[in-house]
Amino acid sequence: MTADFFNSPYNARHLEPSEVAERFIWSDNFEKLIQKNHSVILGARGCGKTTLMKMLTIPALYAWKNDKRSEVIRKNIPFYGVYISTDIYWDVKNHTYNKQLEKFEGLSDRISSFAVNSNVFKAICNTFLNIITIELEDLDETKELELCLSLIEAWKLKPTVPKIVYIKEAIDERIDEVNQLIQDLIFNHKKDQHISLPSFFNLTFESSLEQIIPKFERIYEISGRKKKWALCFDELEFAPYWLQEKLFLSLRSRKQFILYKLSSSPILTPEISKTFKNDFGPTSGNDVELIKMWDSKDSEDFSKKIIKSYIGFDNDLSKVFGNNDVYSKSANSYEIGSDFHKKILNLIEKDFSFKNFLNSKGINENKITFSNSKQKDELYRKIKPIVYHRDFFIEKNNISNGLKFRSRKKSHELYHGIEVLSKICDGNPRWLITIVNQMRGHLKNGKISKNSQFDELLKASKRFLNVMANIPIGGSVVTLSALIERIGLSFKNQVLGKTFLMDPDGTFEVDKESEVLPDDIVRILYKGVSQGAFILLDYNDDTFDLEIRGKRFKLSYLFFILYNLPLRNYSAMDLSEALKDIKDVDNYNQGILFKKGS
Amino acid sequence: MDIKYGEQLGVEDLSNKIFSLFLLAINHEKRVLTAYNKISKISEIRKTVGFKYNKQQSLNSHENIEECIIKGYEEINVWLDTFFNSLNETDINIIVDYSCMTKSWYYTLVLYLSKKNMSFNSITVFFIYTPSKYASPLKPKPNTEIAPLPGKYIVPTDKPKALIVCLGYEKNKAEGIIEHLDPKEKYILYSSPALDPKFVSKIEMNNSEILSTYRDKIITFPMDDLLKIERELTSLYHLLRKQYSIIIAPLGPKPFTLVSILLSVKFKDIDIWRVGSGYNINEYDREPINSELYIINKVKFITNNY
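Residues numbered from 1 in each chain as written. Chains lettered and ligands numbered in written order. Predicted model: local features only at pLDDT ≥ 70, side-chain atom pairs only at ≥ 80, totals over all residues. Heavy atoms only, no water.

## Topic: the interface of chain A and chain B
At the interface, 50 residues of chain A touch 49 residues of chain B. Interface area for chain A against chain B, summed over the two sides, is near 4,500 Å², with a carbon-plus-sulfur share of 50%. At the junction of chain A and chain B, the tally comes to four salt bridges. Among the salt bridges present, the one from B:Lys268 reaches A:Asp176, with a minimum N-O distance of 3.5 Å. Counting across the interface, chain A meets chain B through 23 residue pairs in polar contact (both at pLDDT 80 or more). When contributions to the side of chain A that touches chain B are tallied by element, the ones reaching two or more residues are α6 (98–101), α7 (107–136), α9 (164–188) and α20 (450–469) of chain A. When residues of the side of chain A that touches chain B are assigned to their parent elements, the largest contribution, eleven residues, is made by α9(A). Tallied by class, residues from the side of chain A that touches chain B come to 21 nonpolar, 18 polar and eleven charged. (Contact = heavy atoms within 4.5 Å. Buried area = accessible area lost by both parts, 1.4 Å probe. Salt bridge = Lys/Arg side-chain N within 4 Å of Asp/Glu carboxyl O. Polar contact = N/O pair within 3.5 Å; in protein donor to acceptor, adjacent residues only side chain to side chain. Helix = DSSP H or I, 4+ residues; strand = E, 2+ residues; numbered from the N terminus. Nonpolar A, V, L, I, M, F, W, Y, C, P; charged D, E, K, R; others polar.)

Structure, rendered in structure tokens:
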């Protein structure tokens, strides 16, 4: 089922807004997005950006019934959302076409601009239609006639039937004509021959909308409503640089009645970062609301709501999935005779480094009590997941024979339960929905066994790694999956290594110097961040994250099952350290890929 | 020029003809000259040219074959300009042996013939493919690029994408493009039967997850039946065209790729994508099954000066 992982039936990109609304779950992020200001949603693939953006449209708002807040929002949302999905074809320069077009100076940018304009024009047509038919229910053809004549004139369309549906067709026909025109230019243009492009190439969507929207409001008599218009550009990371720059700069000003709602990858590319460093760049708070869709405080609660919605019945989730002792917050974990206590005793028995660790903390291994509350809070709580994992995986760790692991294949004791399920997807709804749907097939008497939960989590984990293995790497010498593999193994070595560490390294900081960590690796990291394989930590809610170097990341929890890691964020090691002497694990290249500078 | 028609022929249909050009690709494969050796015995070939990537690939001064280094597909257009401008006839026959060619080379050639304003009445191209013996697939190289084949520019509409993937027998390639393009609709095609059943079992094994995921969207075709391939793709095109932007990713056998390319010329809203591994590709010996077995496609291009 590899290919269906991202491309699941629950991918909002492929759903109509009204379908998205049917199972929409309210979140704090949505509340931020519906405010009367510019907003930028940042997050990895599958984190729900498209769902939020599509929820701003009229068909979605009118189809949303499962929340008592829907009625109020439908009535009071302060703008009309115009949903515009970025198409990877917009970025002519990053595609192979550019070589053919480069002999025509500036043509690739003009074609790119034409492609964007055409799609924005169709998007505003859809919004007009939705307002007219769903919100206003105004079937007065004279109004549509007047509007369409204005559109034909403003967009320099060929004469067509003055109905919005025909206007959309005329835009498609013009796209087809432009395709033929470009093809003819490429193959039959003679050197020094003057190229004369039709005048519609000079249009820009912003000025065009600034002209058209007031006309629409006047014709349909909605000027008095004082609603703004939000251009919702989704998946901007695929957009050409010129458009990203234009839109981010637009966050500073533009016309009072136009808002921008943009969605993009968690970390903006170095190219676009320059926009933020100049005096005209947007600043959070003043100009724009930033919505970072990862590591949010309510992500576990949000995940539980998704699980409840997709598991199919309204039972107590603990009864369906059970609880996991490793993460259970139950106070009786820290009592003599508790499961945790037994694990501690087991581990003392077989792991000399744990015994040494306890002794170093002034704890007699023969007298484990939980009576000291400071010790309970500062030590036992912290070491609990590590104790469970070492006890599960280590058979023996002594000075004479070294470290020996158990040959266990299924770690369902560690990876099951509602605590694990609500945590392991880092709040990414698409992964979670896919996993829960798979698990639902294992429901028996209202429960899903630990084994089945583990099997599905492991499958999802492997699928995710496989997806990463297929991400194109350009000229890089290392694949994204190889990078993940190496980082995961480094963390595993920290948690399950010869020495018991209370605070093992389990996150990484990207080295600042390119001599220590080559740019090539950083380029792959960008891809990993945008796919959700690496998740940014220690960020500031109110600022854009513009550089990857110097930042701290965690590996997506979904990979932790592959490396036997507890679902916790531990201290950071330098990425170069994690990759030290990394061999090409996939044998794609020979020799050492990367070596820390000495 | 426009495609007037195409038909599948046997090798015997190529005897006693005059060909203005025999175009082939020179690489490490054992089948490089198989078709040339056969056709040169039964017909007259006026000029033979071997395109190659670099100097190292050579036929060691084969007396009748002119070698030409091609660094990018644009150079093919330049070469074709020069070649066609040198001819005086109005109706010509050429042979393109695409057995060892990279997709972008024969895509460029087909686009050139269909888009270039030329003074010929007709150009008849005989596309020849020499099937090879089975060789076990190597471990797939990482995907370096997933992109449209260069040559045809398409401004997108707001239609969602439908992807038609023809599976190859290496792992990961099809999954890579499905994830990358994230199409709304997908159809999976693969060759069954192939000329050697081992190809089929390997395709099914290495793509088992895709085949189980999309089991209601799978179409098989006989590898050597170009008409069947054309019909399957054409009916998919008509099924999808109104609702979707159609992309074909021919990751499987080259005859399928050729038919896809020809259809992308016939139906201008089809685009062709590839999954590339850059220069770090797996190299196979590709020994011909025998010297009499070929898949031949005759395509007649006629002038469109109307």
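Once you've had a look at it, read on.
## Structural notes on the confidence of the model for chain B
Residues and elements named next belong to chain B. A residue-level look at chain B finds 98% of positions with pLDDT of 70 or above and a mean pLDDT of 91. Within chain B, the lowest mean pLDDT, 88, falls on helix α4 (residues 173–181), and the highest, 97, falls on strand β8 (residues 122–129). Both scores are given for the predicted complex: the pTM is 0.90, the ipTM 0.88. (pLDDT = per-residue confidence, 0-100.)

## Some details on the packing of aromatic side chains
Under the defined criterion, the tally for this structure stands at 51 aromatic pairs over all chains. With centroids separated by 6.0 Å and ring planes inclined at 45°, the aromatic side chains of B:Tyr169 and B:Tyr284 adopt a geometry described as tilted. Of this pair, B:Tyr169 sits in the loop between β10 (161–166) and α4 while B:Tyr284 sits in the loop between β14 (270–276) and β15 (295–302), and the two are 115 residues apart along the sequence. Taken together, a centroid distance of 4.0 Å and an interplanar angle of 15° make the contact between B:Tyr237 and B:Phe267 stacked. With B:Tyr237 in helix α7 (residues 226–240) and B:Phe267 in the loop between α8 (254–266) and β14, this pair connects stretches of sequence that are 30 residues apart. Here the two residues B:Tyr237 and B:Phe267 agree in accessibility, since each one is buried. Each residue in the set B:Phe51, B:Tyr53, B:Trp79, B:Phe83, B:Phe84, B:Trp105, B:Tyr112 and B:Phe120 is aromatic and connected to the rest through ring pairs, giving one cluster. The ring of A:Tyr62 is capped by A:Arg74, whose NZ or CZ atom sits 5.7 Å from the centre of that ring. Over the ring of A:Phe200 we find A:Arg174; its NZ or CZ atom is 4.2 Å from the centre of that ring. (Phe/Tyr/Trp six-rings, centres within 6.5 Å; stacked < 30°, edge-to-face > 60°. Buried < 20%, exposed > 50% of the residue type's maximum accessible area, 1.4 Å probe, protein only. Lys NZ or Arg CZ within 6 Å of the ring centre and 35° of its normal.)

## As for the pairing of β8(B)
Residues and elements named next belong to chain B. Here β8 lies mainly inside the structure; eight of its eight residues are buried. Side chains of β8 alternate between two faces, with Ser122, Thr124, Phe126 and Ile128 and Ile123, Val125, Phe127 and Tyr129 buried alike. Pairing of strand β7 (residues 91–97) with β8 involves seven bridges; the strand directions are parallel. The residue bridging Asn93 from the neighbouring strand is Thr124, located in β8. What joins β7 to β8 is helix α3 (residues 103–115), and the crossover it makes is right-handed. As defined by bridge partners, β8 adjoins β15 across eight bridges and the pair is classed as antiparallel. Residue Val125 lies in a different strand from β15, and its bridge partner there is Val299. (Pairing = 2+ DSSP bridges. Right-handed = clockwise from strand over helix to strand, strands pointing away.)

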